[in-house]
Amino acid sequence: MFAQLQPVATDPILGLMAAYKEDQNPNKVDLGVGVYKDEQGHTAVLKCVKEAEALRLKNEDSKTYIGMAGDLGFNAHIEKLAFGHAHKALLANRITSAHTPGGTGALRVAAEFIKKANPNATIWVTKPTWANHISMFKAAGLNVKEYTYYDYSTKGLDEEGMFADLANVPAGDVVLVHACCHNPSGMDLTFAQWQRFAQVAKERGFTPLVDMAYQGFGAGLEEDAKGLRHLADTVDEMLLCSSCSKNFGLYRERIGAVSIMSADSKVSDIVRSNLLGVVRSIYSMPPAHGAIVVANILDSAELTALWHQELAEMRNRINNYRQLIIDKLAGEGVTQDFSFITRQHGMFSFLGIDKAQIARLRSEFSIYMVDSSRVSIAGLNHSNIDYFAKSVATVLK
Ligand code: PMP
């Protein structure tokens, strides 16, 4: 039976990571994988996480099953973090959440839930989007279609194209929108565009699914959630998938959450039973560690303040490098306009260079980025930024 299987193409990013690892060039630069790195090129454990883990070790008195919804304290915190402390939907018990194995787990649970609620639903994703969105939704049996989003020629959002496509989405379908720090383009909706999106969702009757994998990496914890909060003010139903991989640096602990907002608390109770049914049929219950660590941080004013500080450090470092890339390229005599880099948010930027230039950067200079020219800005630091700018300037000539 197994011998009949055909090999599955792996995500190109994994091949890129392997090639980077094997590269013997001491100047090599990894701009591929979407993981935060500090000035030393290290993905350190946050101090607030270390303290919260020590607390957990001290206080944990049982390893019994945690339940299908996971850690209820964590769920309450994550809802407030995303929707805001006193959001009307929270106060009216219209939101139900389950903590999940990562943001990926949240998306998969959301997809299975959508399939249950409307087996014929099509899910619309931004063109382009994180590649795993498409494979995951297809694996859950959903139809997947793309809507216009990024304009490669203007290096900005194609707003009119986007809303022309959304005007044709039928009621009953689901539209995925990135809350902030769009992966891969870094191009986010302005608040005015969120307002327009919310209005169209309400008029058309489609259900938004907000993917928030980078809260706090764009403009700040509150600012990054503004759009989705407005959406939640406007529509009756929506889904939200959050991840604590980036903003708490808990990547390998696999911690995220799916939150579903319904029109009223009665429907929400039914939604909850269906949501938990989905969880039960996939992995039964989530792993506890990451949720308890996050809950320990958010339970403590002191650890929360430390987290805010560490998160701001990560965010500011990335944003400083956005400007630095532009300055250094100009310093190398590059005349092309790269100002769009500071209009993008979060971990990623599309550099907008072509495949041949990307290949040259890899083969001649050991600078690794994916073929779309998406770079993970956190891979840059004081010891490689000059080398990076010089190399890019060389291939642009
Ligand atoms: N959504 C987007 C847009 C992402 O970029 C990622 C992480 N690359 C995720 C979801 C999933 O994150 P996690 O590692 O928590 O599964």
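Please refer to the structure placed before this passage.
Residues numbered from 1 in each chain as written. Predicted model: local features only at pLDDT ≥ 70, side-chain atom pairs only at ≥ 80, totals over all residues.

## A closer look at the site of the ligand
Near the ligand you find 13 residues, and of these Gly102, Gly103, Thr104, Ser243 and Ser245 are the closest. Top element by residues in the shell around the ligand is helix α5 (residues 102-117). It accounts for three residues. (Near = placed C-beta within 6 Å. Helix = DSSP H or I, 4+ residues; strand = E, 2+ residues; numbered from the N terminus.)

## Considering the environment of Arg360
Locating Arg360 in the fold gives a position in helix α13 (residues 355-365). The exposure class assigned to Arg360 is partly exposed, which follows from the 16 C-beta atoms found within 10 Å. Remark: the alpha-carbon pair of Arg360 and Val175, spanning 185 residues in sequence, is separated by 37 Å. (Buried ≥ 20, exposed ≤ 12 C-beta atoms within 10 Å, placed from the backbone.)

## What to know about helix α10 (residues 265-282)
With 18 residues, α10 should reach 26 Å at 1.5 Å per residue; the first-to-last C-alpha distance of 26 Å fits that figure. Listing the buried residues of α10 in full gives Ser268, Val271, Leu275, Val278 and Val279. On an axial view of α10, the arc spanned by its buried residues comes to 95°, and they lie on one face. Of the exposed residues in α10, the ones pointing more than 90 degrees away from its buried face are Lys266, Asp269, Ile270, Ser273, Arg280 and Ser281. Of the surrounding elements, those touching the buried residues of α10 are β2 (95-100), α5 and β10 (256-261). (Expected span 1.5 Å × (residues − 1). Arc of directions from axis to C-beta. Contact = placed C-beta atoms within 7 Å.)

## Examining the pairing of strand β9 (residues 238-243)
Judged by how many residues are buried, β9 sits mostly within the fold: six of six residues are covered. Judged from the four bridges that link them, strand β8 (residues 207-212) and β9 form a sheet pairing that is parallel. What sits directly across from Leu209, in β9, is Leu239. (Pairing = 2+ DSSP bridges.)

## Here we look at the packing of helix α12 (residues 301-331) against helix α14 (residues 385-396)
The N-to-C vectors of α12 and α14 enclose an angle of 55°; their axes lie 9 Å apart at closest approach. Relative to α14, the element α12 is oriented oblique. Once α12 is placed against α14, the crossing between them reads as right-handed. Packed against α12, whose contacting residues are Leu324, Lys328, Leu329 and Gly331, the element α14 presents Ile385, Asp386, Ala389, Val392 and Ala393 at the interface. Among the residues making up the contact of α12 with α14, the classes are represented as six nonpolar, one polar and two charged. (Axes fitted to C-alpha atoms, helices over the stretch in contact; angles between N-to-C directions. Parallel < 35°, antiparallel > 145°, perpendicular 65-115°, else oblique. Left-handed = near helix turned anticlockwise from the far one by under 90°. Nonpolar A, V, L, I, M, F, W, Y, C, P; charged D, E, K, R; others polar.)

Any functional reading would require information beyond the geometric quantities listed.
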